[in-house]
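# Per-entry structural report
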Amino acid sequence: FHRCEKTPPAQPRSVFSIQIVEKNAEPEMTLLTYLRRKLCLTGTKLGCAEGGCGACTVMVSRFHSNRNAIVHQAVNACLAPICSLHHCAVTTVEGIGSVASKVHPVQERIAKAHGSQCGFCTPGIVMSMYALLRNNPQPMMRDIEEAFQGNLCRCTGYRPILEGYKTFTKKEGCCGSRGKAGACYMITGQKEEKGDSTNSVQQLFDPSEFMPLDPTQEIIFPPELMSLSKQPLRELRFIGERMQWIQPSSLKELLQLKAEYPAAKLVVGNTEVGIEMKYKNQFYPLILAPAFIDELNSIHHKCTLGIVFGASVTLTLLGNVLHGEVNKLPSYKTEVFQAILRQLHWFAGQQIRNVAAIGGNIMTASPISDLNPVFMAAGCKLTLMSKGKINIFFLNLGSKVVCYRKTALKPEEILLSIEIPYTRKYFSAFKQSPRKEDDIAIVTCGMNVVFWEGSNIVQDIQLSYGGMASTTVLATTTTCEMLLWDEEMLQDACSYLTEEMTLSPSAPGGMVAYRRTLTISLFFKFFLTVQHKLAQEAVPPGQNMDDVIGRPIMHLSAVKQATGEAVYCDDIPCYKNELYLALVTSTKPHAYIKSIDTTDAMAVPGVVTFVCAKDIPGSNKTGPVVYDETVLADEKVTCVGHIVGAIVADTPAHAQRAAKAVRISYQELQAVIITIQDAIANESFYQPTRTIERGDLTQGFQESDNILQGEIHIGGQEHFYLETNCTLAVPRGEDGEMELFVSTQSTAKTQALVAKALGVPASHIVCRVKRMGGGFGGKETRSTILSTIVAVAAHKVKRAVRCMLDRDEDMLVSGGRHPFFGRYKVGFKKNGKVMALDVTYYSNAGNSMDLSLSRALLHMDNCYNIPHVRGTGYICRTNLPSNTAFRGFGGPQGMMVAESWINDVALSCGLPAEQVRELNLYKQGEYTPFNQCLEQFTIDRCWRECMNISDFHQRKANVELYNKQHRWTKRGLSIIPTKFGISFTAAGALVHIYTDGSVLLTHGGTEMGQGLHTKMVQVASRTLEIPSTKIFISETSTNTVPNTSPTAASASSDLNGMAVYNACKTLLQRLEPYKAKNPKGFWEDWVTAAYFDRVNLSANGFYKTPDLGYDFETNSGHPFNYFSYGVAVSEVEIDCLTGSHKNLHTSIVMDVGKSLNPALDIGQVEGAFMQGVGLFTLEELRYSSQGYLYTRGPGMYKIPAFGDIPTELKVSLLRDAPNEKAIFSSKAVGEPPLFLAASVFYAIKDAITAARAESGLIGPFRLDSPATPERIRNACEDKFTKLCPPPEPGTYTPWDVRV
Ligand SMILES: Cc1cc2nc3c(=O)[nH]c(=O)nc-3n(C[C@H](O)[C@H](O)[C@H](O)COP(=O)(O)OP(=O)(O)OC[C@H]3O[C@@H](n4cnc5c(N)ncnc54)[C@H](O)[C@@H]3O)c2cc1C
Ligand code: FES
Ligand code: FES
């Protein structure tokens, strides 16, 4: 096993390279665990452990003797068993460059292009790009987009990453000429057509500074591995603690082993088995690894019939071979291949496709396999083999799948190969998933029709569906009836499909009506495709992107993040005797704990102790504002995921295995309150219920021409920071002292709550934060529960204890954005002027109060002046894990309801929505419902600029024309403003100047990717009048700056900036006499002179926001210091048949005052916007009616990926808008832009409105958030949706409920 390739001595870039011989590889260990824990190579990150985020990407290189080639591939280290890497070279991010030696161009460019914020995703993205360049030093833009399909980033919004890496592409046609006039849209954008934009754009980075990429300088494949790989295969056996791994050397040996051990599990890519073992509690004591057996890797062309692929051929290789055929052969012969290629394009990410095998996909027998429906519809031939026997099977005669994930293979049988035929015309495949890229299907299908020569008489037809039953199914009843291919047949086929493709209303996966509609809609698409092909018609165009302004300083840690040297909490080297902790959580939503049995758990090797409530030496009561929670549940649990205890053991694997073995018995309690509707029915609310009222509602409604009522539900959101919650607690041995390294936004709260639980003064606890891999509010308060438990465990065992939550645990226990339900009554004039609003908000807070406030009420107006208004906010107490702060913190939900009623008003009046919005916009000097005067009001300017930049009126005309010409796709356009109030309390800073002139800066804020430390260095640099290179920030800690506010509410630059400024000013004053004495001297001279004069070169600074404070009772005072403003225009296209949508264009104008750092601010705007796109169009948390969370990882919970950014995205910062209320006239930027993503939601609603008009439906209609394909499809009511009405509520138990 080689960790990375040897570097020839002559090479200039010296990389860390080492050969490691591992004789006792543990079959259960993944490459990621091996790298991080055994080799202490922490550059490769753990984000999900299920192949869904790409944070763990490394490059694996192998010599393939059958192809006589070295193949370099990006691979997910979290799924790669260490045993599968025999004779492979592994290159990690540390292996390609480092700050200490020299960074690689791939690392340099992502850093300098501002493509790294929190940096936790960066090493994975670097390695995906590196692997691509190793194979293709001058890729096309589409190659880059494809390479990143398996990588997620939660911070940047992706555009800067693509911008940086665009510089590696071929200069011409780099996007495949999909731009205007055949040029590359990545380069030209819109500028070509429109001339210079009204806002001139400064470049955020200078590509001429970049090191060139020189492929000849790359590290080579180790020659010793090459010669080893050329030797004949021999059987390998690895024996682990509970598992054995055998790699047979030949087919004969494999069949012999399978005959001897029929229960043995075959593993090729481990992308399915790995997940079963990690997350589905499956265990396979014997693994057979046939990845290197020639017959299973062969590819054989059978001249007229098709191509035979060995079962272990990877999906990447399958794609490459089919591509070759498609390019070579006439199109009609390769329709099946093209359909497979289309499916493969949306199949997982590159890292998965590089290792996953065709056989693995077929044999998994997943009902939502993407390939099986295609193979079935195409009538592929499977060859099965056992010792001495061959068995042939044609898939169009039915499947080999007998039931959910079970095949009819005999235990001793294996799949040898699959033969994929050339096309029998016509063939199509479709996949509908919540997210286009790297997502599992909702419904997936393959469809094949063959006509008798020269006629429309059907000779043969196969319609095969995944996602409609527990296996892939053929619609045989329907196809039996399909004789003549015409409109009449279409109508009949739809009716037959409706009857044949039924689903129980409680079917797993939910979305029953939608899935049924899809079977018809997708068939209709197939019908149209065939008709088009028959009529020999062609297809349309492509699109454009980008535009940014501002001038930048790179995020100070960006390069370290790109090389993997940046240290996150779990990267801290292990302490001697360190132990690991795993949580034990409740499986019941509401119950008394009767007993806890740890017998089996304590028998797991390496287990040291079980920690429960009685081990807490101090108080078990906890909570950020009110102590209404327990650190560890003592008598009662109030949600699934409630933390009951924890196992402490020698390794993560042992701790997690033991935690699963703890048995808890419960006495279940009523009522179980999961949804907002449950809470309303049970009047389960936290107090106080707040109301804000201004004007006279009765009078307002009387003055109105019309009154309408409406509702909207806004789903919650998971933070999905790439780095999950992590704590390392180190007891200091005396006086109860403890040092905690935590991934938290709130050092002070962590310190206080740990001290409370341990029963020691806060002064004995130090909490330290170097950086976080993202926080977004999720680590403001909820992180304290884990850190307190880890601290209690460390206190109990008197040893260092660490825990980094697995993604599924993190999603289960930590809560997220509050789901909201809004109900409104609005009165308005005929011209759309709103006169009165009565609105009620219900938020789902979960099982504790946490930070649940009535913030939505302070945003119920968004940017609209409502003369008479009343808003009431209920906070629902439910049996869900406590929801918490998340970027915007109730504000986006408050504004979303406002946009819903204003949209309804426009639809009701039959007026353009933008006209009604503009008519109701506030003006400078007007007052909000909470009586705050709007000063320095810039919405009108943002609105005008955004209209201008987006070319709104021309765009609208184009949309209208498009909609007239297209029945089954529609476009929509929307402009949305936002006003976001900024306020927070106080901050501190501590600045030391050392005698060599270097400055150590500490402040109360934590760095989570937002660039706070970079901005603070900028503030200090300007104030002290020294270069920023002299200033260093090491970390945030409670022993340097105490009692700080959490880094939250967007205000950290404002608060800490002022505190840093104050501290620096103090120091500057102290140095002034020495500057005056020696005006020609340097900084170091003045510092030295002051030092010898016994001047204190350390100062602290403090700042509190003035005049803050609001009283709900009297509706007086100032809840906010000032407001940030912005406007966005978005255009989308929806597919009315499937509900998919494309984000075609977004223009944003954001007022961030006088930007401290435009590069960072634009990064925040784009990152927030994309998080908003996730919130309003994609991300859906799904719970059972008993509060069990189904969506516990990137496999089921989809955050936006690279492919979701608008094809054209323009971000501008409003010029000449200084803000006198914050440091150097800047403004807060973290949260305010998030809501602008509502422009995408309302553009979708606009497109749906156009689709509904085709069915004669006009006027307001309800569309809940997020606008998922299911909701879009269901809202586009037509003849197909009528065939599949939703099941009657109350007549069945749904698979999931909307909370
Ligand atoms: C992040 C992620 C995304 C995914 N996305 C998709 C997707 O978009 N669409 C989709 O369809 N699937 C998807 N999958 C599922 C999975 O990747 C595929 O099913 C893949 O093809 C499995 O191949 P493998 O080689 O990794 O299988 P393995 O995990 O190695 O094996 C899977 C099963 O096949 C059996 N098997 C393998 N080879 C043979 C053989 N020759 N004979 C008999 N049995 C055999 C194994 O015993 C095992 O039961 C995804 C998985 C992950 C982790
Ligand atoms: S950690 Fe491997 S893909 Fe997420
Ligand atoms: S920078 Fe990508 S996840 Fe934070």
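Residues numbered from 1 in each chain as written. Chains lettered and ligands numbered in written order. Predicted model: local features only at pLDDT ≥ 70, side-chain atom pairs only at ≥ 80, totals over all residues. Heavy atoms only, no water.

## Points about the sheet that holds strand E3 (residues 89-91)
Through backbone hydrogen bonds, the strands of a sheet pair up, either in parallel or in antiparallel fashion. Reading across from one edge, E2-E1-E3 is the order of the 3 strands in this open sheet, with antiparallel pairing throughout. Two strands bound the open sheet, and with one partner strand each, they are strand E2 (69-76) and E3. Strand after strand, the sheet turns through a mean of 25 degrees between neighbouring axes, direction not considered. Both strand E1 (residues 57-64) and E2 contribute to a ladder of 8 bridges, which runs antiparallel. Paired with Met-59 across the two strands is Ala-74, which belongs to E2. Relative to the sheet, helix H3 (residues 122-135) contacts E1, E2 and E3, its axis offset from that of E1 by approximately 30 degrees. (Pairing = 2+ DSSP bridges. Helix = DSSP H or I, 4+ residues; strand = E, 2+ residues; numbered from the N terminus. Axes fitted to C-alpha atoms, helices over the stretch in contact; angles between N-to-C directions. Contact = heavy atoms within 4.5 Å.)

## Observations regarding the nonpolar core
Considering soluble globular proteins, one finds that nonpolar side chains tend to be buried as a cluster. Tyr-165, Tyr-465, Trp-485, Phe-523, Leu-581, Ile-647 and Trp-901 are the most contacted members of the largest nonpolar core, which totals 300 residues. Top contributing element to this core by residue count: helix H19 (residues 512-534), with 10 residues. Those residues within four positions of Leu-581 in sequence are excluded, and the remaining contacts are Ala-646, Ile-647, Val-648, Ala-655, Ile-789, Val-790, Ala-793, Val-801, Arg-802 and Cys-803. Among the nonpolar cores identified, the runner-up in size contains 83 residues, and Ile-82, Leu-288, Leu-315 and Val-321 belong to it. (Core = buried A, V, L, I, M, F, W, Y, C linked by side-chain atoms within 4.5 Å. Buried < 20%, exposed > 50% of the residue type's maximum accessible area, 1.4 Å probe, protein only.)

## Description of the UniProt feature "binding site: [2Fe-2S] cluster 2" (unreviewed entry) in the chain
Mapped onto this structure's residue numbering, the UniProt feature "binding site: [2Fe-2S] cluster 2" (unreviewed entry) falls at Cys-118, Cys-121, Cys-153 and Cys-155. The named residues occupy 38 residues along the chain; their greatest pairwise C-alpha distance, 9.3 Å, places them in one compact cluster. For Cys-121, the contacting residues outside a window of four places in its chain are Leu-152, Cys-153 and Leu-722. Its location among the elements puts Cys-155 in the loop between helix H4 (141-147) and helix H5 (159-166). (UniProt positions renumbered as here; feature names shortened; annotations may be inferred.)

## With respect to the pairing of strand E32 (residues 801-804)
Burial along E32 is two-sided: the face carrying Val-801 and Cys-803 and the face carrying Arg-802 and Met-804 are both buried. Pairing of strand E19 (residues 579-585) with E32 involves 2 bridges; the strand directions are parallel. Bridge assignment links Tyr-580 to a residue of E32, and that residue is Arg-802. As defined by bridge partners, strand E29 (residues 726-731) adjoins E32 across 4 bridges and the pair is classed as antiparallel.

## Focus: the pattern of salt bridges
This model, assessed by the stated rule, comprises 51 salt bridges. Residue Asp-570 is joined to Arg-36 by a salt bridge in which the shortest nitrogen-to-oxygen separation is 3.1 Å. Note that Asp-570 is positioned in the loop between helix H20 (558-563) and E19 and Arg-36 in helix H1 (residues 31-38), a separation of 534 residues in sequence. Classification of Asp-570 by relative accessible area gives buried; the value is 15%. A salt bridge links Lys-278 to Asp-806; the nearest nitrogen and oxygen atoms lie 2.5 Å apart. Of this pair, Lys-278 sits in helix H10 (residues 273-279) while Asp-806 is found in the loop between E32 and helix H27 (807-813), placing the two residues 528 residues apart along the sequence. Take Lys-278: its relative accessible area is 26%, and that puts it in the partly exposed class. One continuous salt-bridge network, built from bridges that share partners, spans Arg-36, Lys-45, Asp-570, Asp-571, Glu-578 and Arg-802. (Salt bridge = Lys/Arg side-chain N within 4 Å of Asp/Glu carboxyl O.)

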